[in-house]
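Report on the structure
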Amino acid sequence: MNQVNGDPDLTVLLVAPANSVHTRRWAGALVRGGHRVVVASWSPGRELPGADVRTAPARWAWPALRMPLAWTWLR
């Protein structure tokens, strides 16, 4: 953590399934290390303590359409 204002020193973006045990472990370790963690996932999952989980739009779409629809969201 930044000693001056309490903000995280680093923001980490995990592009990973929110319901994966591996995502949970990585996010937890990074949060405990004082980092801000954002998880970008194709599908919704359980809440990850301390992490900001965001689900891609158009998850209902066929994969060939899903990627272009989610491109601006991911950027």
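Remember, it's a predicted structure, so these values are computed and weren't measured experimentally. (Residues numbered from 1 in each chain as written. Predicted model: local features only at pLDDT ≥ 70, side-chain atom pairs only at ≥ 80, totals over all residues. Heavy atoms only, no water.)

1. So, the environment of Leu10
Formally: Helix and strand labels come from DSSP, where a helix needs a run of H or I of at least four residues and a strand needs a run of E of at least two; each type is numbered from the N terminus. Any two residues whose heavy atoms approach within 4.5 Å are treated as being in contact.
Its location among the elements puts Leu10 in the segment before strand 1 (11-15). Distance in space between the C-alpha atoms of Leu10 and Leu30 is 9.6 Å, their sequence separation being 20 residues. Among all residues touching Leu10, those that are not within four sequence positions of it are His35 and Arg36.

2. As for the side chain of Thr23
Looking at the element boundaries, Thr23 is found in helix 1 (residues 21-32). Sequence-distant contacts of Thr23, defined by excluding residues within four places in its chain, comprise Leu14, Ala16, Pro17, Val39 and Leu48.

3. A word on the nonpolar core
Put simply, the test is: What makes a nonpolar core is a set of buried Ala, Val, Leu, Ile, Met, Phe, Trp, Tyr and Cys residues whose side-chain atoms join them at distances within 4.5 Å. Exposed residues in this analysis have more than 50% of their type's maximum accessible area, buried residues have under 20%, and partly exposed residues fall in between, with area computed by a 1.4 Å probe over protein chains only.
Grouped together as the largest cluster of nonpolar side chains are 8 residues: Val12, Leu14, Ala27, Leu30, Val37, Val39, Leu48 and Ala51. Secondary-structure elements contributing two or more residues to this core are strand 1, helix 1 and strand 2 (36-41). Once you skip the residues sitting within four places of it in the chain, Val39 turns out to touch Leu14, Ala16, Ala18, Thr23, Leu48, Ala51, Asp52, Val53 and Arg54.

4. A closer look at the pairing of strand 1
The test is simple: Call a crossover right-handed when, viewed with both strands pointing away from you, the route from the first strand across the helix to the second goes clockwise.
Going residue by residue along strand 1, you find Val12 and Leu14 tucked away on one face and Thr11, Leu13 and Val15 left uncovered on the opposite face. On the question of chirality, the crossover connecting strand 1 to the parallel strand 2 by way of helix 1 is right-handed.

5. Concerning the pairing of strand 2
As a reminder, the rule being used: We call two strands paired when DSSP finds no fewer than two bridges between them.
With 5 of 6 residues buried, strand 2 lies mostly within the body of the structure. In terms of strand pairing, strand 2 meets strand 3 (residues 51-55) through 5 bridges, oriented parallel. Residue pairing for strand 3: Ser41 is matched across the bridge by Thr55.

In short, shape yes, function no, at least from these values alone.
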